[in-house]
Amino acid sequence: MTTTTAPRLSWEERERRRVRRDAISSWILLAPSIILILLMVGYPAFQMVWQSFTDYQVRHKIQGTAPEFVGLDNYIKIITRSDFPEVVARTIGIMIVTTVLIMVLGVLVALLMTKIGRGMRITLSVGLLLAWAIPPLTASVVWGFIFDTQYGVVNWALNTVTGTQAWHNHSWLLNPWTFFLVLTIIVVWGAIPFVAFTTYAALGQVPRETIEAAEIDGAGGWARWWSVVFPAVRPVLGGLLILQIIWNMKLFTQVYALQSRGGIAADTNVLPVYLFRQGIGEFGATSAIGMLIVLIMLALSWFNLRQLLKEEDDS
């Protein structure tokens, strides 16, 4: 009686099977997260895209009727509105100013944290954490009181310094330029900690030996930063820049809170607030505005995103 044995698999075949098993196991482990993302992100995104091409309103929901497909009508109506280009330019302008200030000041704070002693670093970190932990609405209310027309600390301090009553009852929120000055302070103050902590963590990964070698070669502070430190932390800074562009394009709470304290909405609207004020139940029009916001953010972030992906592929 003869017995047959299974043919011995070659090393390449065993390796292919192992890779296949690992891939299947990975997809099984990722499946719950992928399903959750599709439900929480994919479905709402699909709904927004579809609604932007219809005349969907709250009456359709109440009456149980289907909306009509209107194609690009919602987009054309929004883009051709007289105030829409101004709102877009205002939103992008605020985004650029706040993003630049947040990135520059956040990196400077992170560099400062690498130079000061442990006690001062802990004190600074606690202060940054407190600023970061305050919700945007609370911060807007507090800063609104600081710049209050009658009881604001800023008006009182300016009157004290100048020795006059010229700043008595001065409204910082009534003028659009000073309104955005207050808004910039609130946004930058609340966003610096995230950039500072993240950059500080990235700076800790830069090899000290490389920096010391650059010092020995006679490189100054700026040369060491630009030639040694910046290339090492550039991927982190690129990611932070993309996040800040997205977050500062979506400013709503701070703008709406300041408008409620005296700002003129027509002169200070940004795209998220402009979307909110279009009217409750106008799902088609508001979805079109939402899609335009997404497209603008993608256009502004595309260059940095492409650079990050390129660096990841090269590494």
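Residues numbered from 1 in each chain as written. Predicted model: local features only at pLDDT ≥ 70, side-chain atom pairs only at ≥ 80, totals over all residues. Heavy atoms only, no water.

A few points about the overall build of the protein
Then step 1. A tally of helices and strands in the protein yields 14 helices and zero strands.
Then step 2. N-terminal to C-terminal, the α/β element order of the protein is α-α-α-α-α-α-α-α-α-α-α-α-α-α.
Then step 3. For 315 residues, the compact-globule formula gives about 20 Å, and the C-alpha radius of gyration of the protein, at 27 Å, lies well above that figure.
Then step 4. Across its three principal axes, the protein shows a C-alpha extent of roughly 110 × 75 × 30 Å.
Then step 5. When burial is assessed residue by residue, the protein has 33% of its 315 residues classed as buried.
Then step 6. For the protein, contacts bridging at least 24 residues in sequence account for 65% of all contacts bridging at least 6.
Then step 7. Accessible area of the protein: about 19,700 Å², with a carbon and sulfur share of 68%.
Then step 8. Across the protein, the mean location of the 23 positive side-chain charges is 6 Å away from that of the 20 negative side-chain charges. (Helix = DSSP H or I, 4+ residues; strand = E, 2+ residues; numbered from the N terminus. Rg over C-alpha atoms; globule rule 2.2 N^0.38 Å. Buried < 20%, exposed > 50% of the residue type's maximum accessible area, 1.4 Å probe, protein only. Contact = heavy atoms within 4.5 Å. Areas by Shrake-Rupley, 256 points an atom, 1.4 Å probe, with all protein chains shown as cover. Lys, Arg positive; Asp, Glu negative; His and termini not counted. Charge placed at Lys NZ, Arg CZ, Asp CG, Glu CD.)

Details of the side chain of T199
Then step 1. Counting through the fold element by element, T199 comes out in helix α8 (residues 176-203).
Then step 2. According to the relative accessible area criterion, T199 is buried, its value standing at 0%.
Then step 3. The residues touching T199, leaving out its near neighbours within four places in the chain, are V107, A110, L237 and L240.

Thoughts on a nonpolar patch on the surface
Then step 1. A cluster of nonpolar side chains, I96, V97, V100, L101, V104, L105 and L108, forms an exposed patch at the surface whose accessible area comes to about 550 Å².
Then step 2. Along the chain, the position of L105 falls in helix α4 (residues 84-115). (Patch = residues over 30% accessible without salt bridge, like charges linked within 9 Å, V, L, I, M, F, W, Y side chains within 5 Å. Salt bridge = Lys/Arg side-chain N within 4 Å of Asp/Glu carboxyl O.)

Considering the environment of N169
Then step 1. Mapped onto the elements, N169 comes out in the loop between α7 (153-162) and α8.
Then step 2. Along the primary structure N169 and A265 are separated by 96 residues, whereas in three dimensions their C-alpha atoms are 21 Å apart.
Then step 3. In contact with N169, other than residues within four places in its own chain, are T149 and Q150.

Considerations on the packing of α4 against helix α5 (residues 118-133)
Then step 1. α5 packs onto α4 with a crossing angle of 150 degrees between their chain directions and a minimal axis gap of 9 Å. In terms of orientation, α4 and α5 fall into the roughly antiparallel class. Here V109, L112 and M113 of α4 come into contact with α5, specifically with R121, L124, S125 and L128.
Then step 2. Looking at side-chain class alone, the contact of α4 with α5 contains five nonpolar, one polar and one charged residues. (Axes fitted to C-alpha atoms, helices over the stretch in contact; angles between N-to-C directions. Parallel < 35°, antiparallel > 145°, perpendicular 65-115°, else oblique. Nonpolar A, V, L, I, M, F, W, Y, C, P; charged D, E, K, R; others polar.)

Observations regarding helix α6 (residues 136-146)
Then step 1. Those residues of α6 lying buried are A139, S140, W143 and G144. Across the axial projection of α6, the buried residues extend over an arc of 135 degrees, all falling on one side. (Arc of directions from axis to C-beta.)

Quick look at the environment of I211
Then step 1. Residue position: I211 is located in helix α9 (residues 208-216).
Then step 2. Sequence separation of I211 and W225 is 14 residues, and the distance between their C-alpha atoms is 8.9 Å.
Then step 3. If we ignore the near neighbours within four places in the chain, the residues touching I211 are V206, R224, V228 and V229.

What about the side chain of S125?
Then step 1. Within the secondary structure, S125 is located in helix α5.
Then step 2. For S125, the contacting residues outside a window of four places in its chain are M113 and F197.

A few points about the packing of aromatic side chains
Then step 1. For the coordinates displayed, the defined rule picks out 16 aromatic pairs.
Then step 2. Consider the rings of Y256 and F276, whose centres lie 5.4 Å apart with planes at 80 degrees: the pair is edge-to-face. Here Y256 is found in helix α11 (residues 253-260), whereas its partner F276 is found in helix α13 (residues 271-276), with 20 residues between them in sequence.
Then step 3. On the accessibility criterion, F276 (46% relative accessible area) is partly exposed.
Then step 4. Through a chain of ring-to-ring contacts, the aromatic side chains of W143, F147, W167, W172 and W189 assemble into a single cluster. (Phe/Tyr/Trp six-rings, centres within 6.5 Å; stacked < 30°, edge-to-face > 60°.)

Some words on the environment of I192
Then step 1. Its place among the elements puts I192 in helix α8.
Then step 2. Spatially, the C-alpha atoms of I192 and I28 are 39 Å apart, while their sequence positions differ by 164 residues.
Then step 3. Excluding residues within four positions of it along the chain, I192 makes contact with I102, L105, G106, V109 and L128.

Quick word on the packing of α8 against α11
Then step 1. Packing of α8 against α11 brings their axes to within 10 Å, and their N-to-C directions diverge by 135 degrees. One finds that α8 runs oblique with respect to α11. The crossing of α8 and α11 is right-handed. Contact residues: F179, V182, L183, I186 and V187 in α8; Q254, V255, L258 and Q259 in α11.
Then step 2. Taken together, the residues of the contact of α8 with α11 sort by class into seven nonpolar, two polar and no charged. (Left-handed = near helix turned anticlockwise from the far one by under 90°.)

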